[in-house]
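Observations on the model geometry
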Amino acid sequence: AECSVLKSSVLGRAVRYCAFLPDSFDQDKTRQYPVLYYLHGLGDNEQSLLNFGGWDVISELRRQGKVGDFIVLAPSGGHTFYLNSADGKMKYEDFFMKEFMPQMEKKYRAESTRATRGITGVSMGGYGALRLAFKYPDEFAAVSAQMPALIADLPKDFTSGGPGSPGSLMGDVFGSPFSRAYFERNNIFYFARSDSATSLKRMKIYFNVGNNDDYGFEQGAQQLDQLLKSRGIPHEFHIYPGRHDPQFVIRHFGDVIEWQWKTIGAGK
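Parameters at a glance
Residues numbered from 1 in each chain as written. Predicted model: local features only at pLDDT ≥ 70, side-chain atom pairs only at ≥ 80, totals over all residues. Heavy atoms only, no water. Axes fitted to C-alpha atoms, helices over the stretch in contact; angles between N-to-C directions. Helix = DSSP H or I, 4+ residues; strand = E, 2+ residues; numbered from the N terminus. Parallel < 35°, antiparallel > 145°, perpendicular 65-115°, else oblique. Left-handed = near helix turned anticlockwise from the far one by under 90°. Contact = heavy atoms within 4.5 Å. Buried < 20%, exposed > 50% of the residue type's maximum accessible area, 1.4 Å probe, protein only. Arc of directions from axis to C-beta. Nonpolar A, V, L, I, M, F, W, Y, C, P; charged D, E, K, R; others polar.

Our next topic: the packing of helix 2 (residues 54-63) against helix 9 (residues 246-264). The N-to-C vectors of helix 2 and helix 9 enclose an angle of 45 degrees; their axes lie 10 Å apart at closest approach. The angle between the axes of helix 2 and helix 9 places the two elements in the oblique class. Helix-helix and strand crossings are classified by hand; for helix 2 and helix 9 the assignment is right-handed. Together, Gly 54, Val 57, Ile 58 and Leu 61 of helix 2 and Ile 250, Phe 253, Gly 254, Ile 257 and Glu 258 of helix 9 make up the contact between the two elements.

Below you can see the structure in the form of structure tokens.
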């Protein structure tokens, strides 16, 4: 893994990231690669893949010949939920789409075609991955999310919870005070219901969740599953035994990577 910083003019600061590169990267300086973006969860950082053992899983799959060579790009997302904040002060989505993707793909020799570009994430990053893919379906061929932070129906008292409640976890990204309208307009369900959702039919979609998720995200995941079904949008959805923890992620991470490779590595 190569970890460094990207100086962002959009955010006006440096953003940390890690690039996970296959062994062949330094051997053939002309070779281009499929790319998978990895978005970490709340309270984690750009080194998440190393910390929970995800990179070991990818390396082992590669050793077994189950996946080929691709690069993984993982930016630090802080508490941003990978979107532009309601007050307009922190335009993370703009940074990701307009700076991070093009600059990183150039630097790390990505093929830079939709067909070879995937995005995945965990928890807050699962929300980020689904939302970015659903909003920009022309950019990604495959999206996957593990225990994504999905809330279909905001409870009335959503923001009154104490520390650790979903409302407090959201921070001020959705406005301070919390803006229900901004949340609704940036929700994954909003994009799945929109007229442009038909374009999601050409994207591969996968998400999973634990049946005992500590934040109740399995309810949102089931609602997304139903919504996509009702709109005739093909997808793969699994509820597995488990909670909202790194153990759940690592248990099913190999499946996610193999699933991604089938699309972004097709024909490789």
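This next bit is on the environment of Arg 62. For Arg 62, the location among the structural elements is in helix 2. With a relative accessible area of 17%, Arg 62 lands in the buried category. With eleven residues separating them in the primary sequence, Arg 62 and Leu 73 have C-alpha atoms 17 Å apart.

Here we come to helix 2. One full turn of an α-helix is made of 3.6 residues, so residues set three or four places apart face in the same direction. The set of residues buried in helix 2 consists of Gly 54, Trp 55, Val 57, Ile 58, Leu 61 and Arg 62. When helix 2 is viewed along its axis, its buried side chains cluster within an angular range of 155 degrees and face the same direction. Residues of helix 2 that are exposed and point over 90 degrees away from its buried face: Asp 56 and Arg 63. On its buried side, helix 2 packs onto strand 2 (13-20), helix 1 (48-51), strand 4 (71-75) and helix 9. Note on helix 2: the residue one or two positions beyond its end, Gly 65, has a positive phi of about 80 degrees.

Take the packing of helix 3 (residues 92-107) against helix 4 (residues 124-135) next. Put simply, helix 3 and helix 4 touch, their axes get as near as 12 Å, and they point 65 degrees apart. Between helix 3 and helix 4 lies a crossing of right-handed hand. Residues Glu 93, Phe 96 and Met 97 of helix 3 lie in contact with helix 4, whose contacting residues are Arg 131, Leu 132 and Lys 135. Here the residues of the contact of helix 3 with helix 4 sort into three nonpolar, no polar and three charged.

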